[in-house]
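Geometric and topological summary
One-letter residues, chain by chain:
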Amino acid sequence: MKHTIRKILILEDEKLNAERIQRLMRKIRPQIEIVNVLPSVKKTVDWLADNDNPDLIIMDIQLADGLSFEIFNLTDVKCPVIFTTAYDEYAVKAFKYNSVDYLLKPIEKDELEAAILKFENTVQQPYQQYALIEGLLNHIQPKVYRARFLLPYRDGYRKVQVEDIAFFYAHMNVSFANLMNGERVIVPQTLETLEQELDPRFFFRANRQYIIHVNSIEKVYNFFNGKLKLHIKDSTDEVIVSRTKAPLFKSWLDY
């Protein structure tokens, strides 16, 4: 019997991720109603107590006040779940052995659509498997972002904290870190590597040349053709955010 999905509930404590899921769902299944977006275990338990279970829950494993598995200890969830997670892919693959769908962040449109199709075309009760998955997660550590750099300096090394870096800049295949005090130092990583190592709550890849720290942004200007121009504190560098990235940048900066 085909599984009909009319209403979904999204559990996600990161604003940008929640907005991304909603945007993708509107493209994939515009007829499906998103009944609510909740950031925490407590708010979810309260909401489920006052509302009927949706047809499907898209659930982040790590919510604002703890692991989402706690929800199943506090209330009776009577619908299937698609988990989302920032855990490393090798660990997440273990979920498949327990017949539970997952999406690895950042969530891609084709992966979300495939998960939706699976629920539409099969009859499942994956919520019976949460205890097994919780055991797996006890052996998985969440991603840890880079906190500092050890860089060559004169006849030794120097330590640079990431919060002291205003932005990263690439030129002629060389990466530089501009410190908050205006100093510029060479770092060995590429911007592509740095983008994966830096905490996305504080750093944003503005374009191919720049990754900027939120505290370095002094002013944001509208630029031609829907682009944005950023004024960086104590710097003459001109940073342009493309038209396609501008909405995401504004959501990131507003969070």
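Relevant structure appears above.
Residues numbered from 1 in each chain as written. Predicted model: local features only at pLDDT ≥ 70, side-chain atom pairs only at ≥ 80, totals over all residues. Heavy atoms only, no water.

1. A look at the overall build of the protein chain
Which entries qualify depends on this criterion: Secondary structure is summarised from DSSP: a helix means a run of H or I of at least four residues, a strand means a run of E of at least two, and numbering begins at the N terminus for each. Working definition: with a 1.4 Å probe on protein chains only, accessible area under 20% of the residue-type maximum means buried, over 50% means exposed, and in between means partly exposed. In what follows, a contact means two residues having at least one pair of non-hydrogen atoms within 4.5 Å. Only the protein chains shown count as cover for residues, and the accessible areas themselves come from Shrake-Rupley with a 1.4 Å probe.
Regarding its fold elements, the protein chain presents eight helices and 17 strands. Going through the 255 residues of the protein chain one by one, you find that 44% of them count as buried. Partitioning the contacts of the protein chain with sequence separation of at least 6, the portion at a separation of at least 24 is 55%. Summed over its atoms, the accessible surface of the protein chain is roughly 14700 Å², and 48% of this surface lies on carbon and sulfur atoms.

2. Here's the deal with the sheet that holds strand E1 (residues 7–11)
Note the threshold: Strand pairing requires that DSSP identify at least two bridges connecting the strands. Angular values range over 0 to 180 degrees, each being the angle between N-to-C directions of two axes fitted as lines to C-alpha atoms, with helices fitted over their stretch in contact.
Taken in spatial order, the five strands line up as E2-E1-E3-E6-E7 in an open sheet, and their pairing is parallel. Every other strand in the sheet has two partners, leaving strand E2 (33–38) and strand E7 (101–104) as the edge strands with one partner each. Direction aside, neighbouring strands of the sheet carry axes that sit 20 degrees apart on average. In this structure, E1 lies alongside E2, joined through five bridges in parallel fashion. Bridging across to E2, lysine 7 finds its partner in glutamate 33. Each of E1 and E2 is contacted by helix H2 (residues 41–50), which is oriented at about 140 degrees to E2, the strand it contacts most.

3. Brief notes about the side chain of serine 251
Examined against the element boundaries, serine 251 turns out to sit in helix H8 (residues 246–253). Owing to a relative accessible area of 17%, serine 251 belongs among the buried residues under this scheme. With near-sequence residues (within four places) excluded, serine 251 lies in contact with Leu16 and Glu19.

4. Comments concerning unusual backbone geometry
Positive phi outside glycine occurs at arginine 154, with the angle close to 55 degrees. Turning to its location among the elements, arginine 154 is positioned in the loop between strand E8 (148–153) and strand E9 (156–161). Owing to a relative accessible area of 76%, arginine 154 belongs among the exposed residues under this scheme. Despite not being glycine, aspartate 234 has its phi angle at roughly 55 degrees, a positive value.

5. Things to note about the environment of isoleucine 116
Within the secondary structure, isoleucine 116 is located in helix H5 (residues 109–121). As a C-alpha pair, isoleucine 116 and leucine 56 span 60 residues in sequence and 9.1 Å in three-dimensional space. If we skip the residues at most four places from it in the chain, isoleucine 116 touches Ile5, Met25, Arg29, Leu56 and Ile82.

6. Some thoughts on helix H1 (residues 15–28)
For clarity, the cut-off: By this rule, a helix spans an expected 1.5 Å times one less than how many residues it contains. This arc is built from the directions going out from the helix axis to the C-beta atoms.
Here H1 is 14 residues long and its end C-alpha atoms lie 20 Å apart, about the 20 Å a rise of 1.5 Å per residue gives. Residues Asn17, Ala18, Ile21, Gln22, Leu24, Met25 and Ile28 constitute the buried set of H1. Down the axis of H1, the buried set is contained in an arc of 165 degrees. They therefore lie on one face. For H1, the exposed residues set more than 90 degrees away from the buried face come down to Arg26 and Lys27. Looking at the buried side of H1, the elements it contacts are E1, E2, strand E3 (56–60) and H5.

7. Let's talk about the environment of lysine 229
For lysine 229, the position within the fold is in strand E16 (residues 228–232). The exposure class assigned to lysine 229 is partly exposed, which follows from its relative accessible area of 24%. As a C-alpha pair, lysine 229 and valine 241 span 12 residues in sequence and 6.3 Å in three-dimensional space. Residues in contact with lysine 229, not counting those within four places in the same chain, are Lys219, Val220, Tyr221, Phe223, Glu238, Val239 and Ile240.

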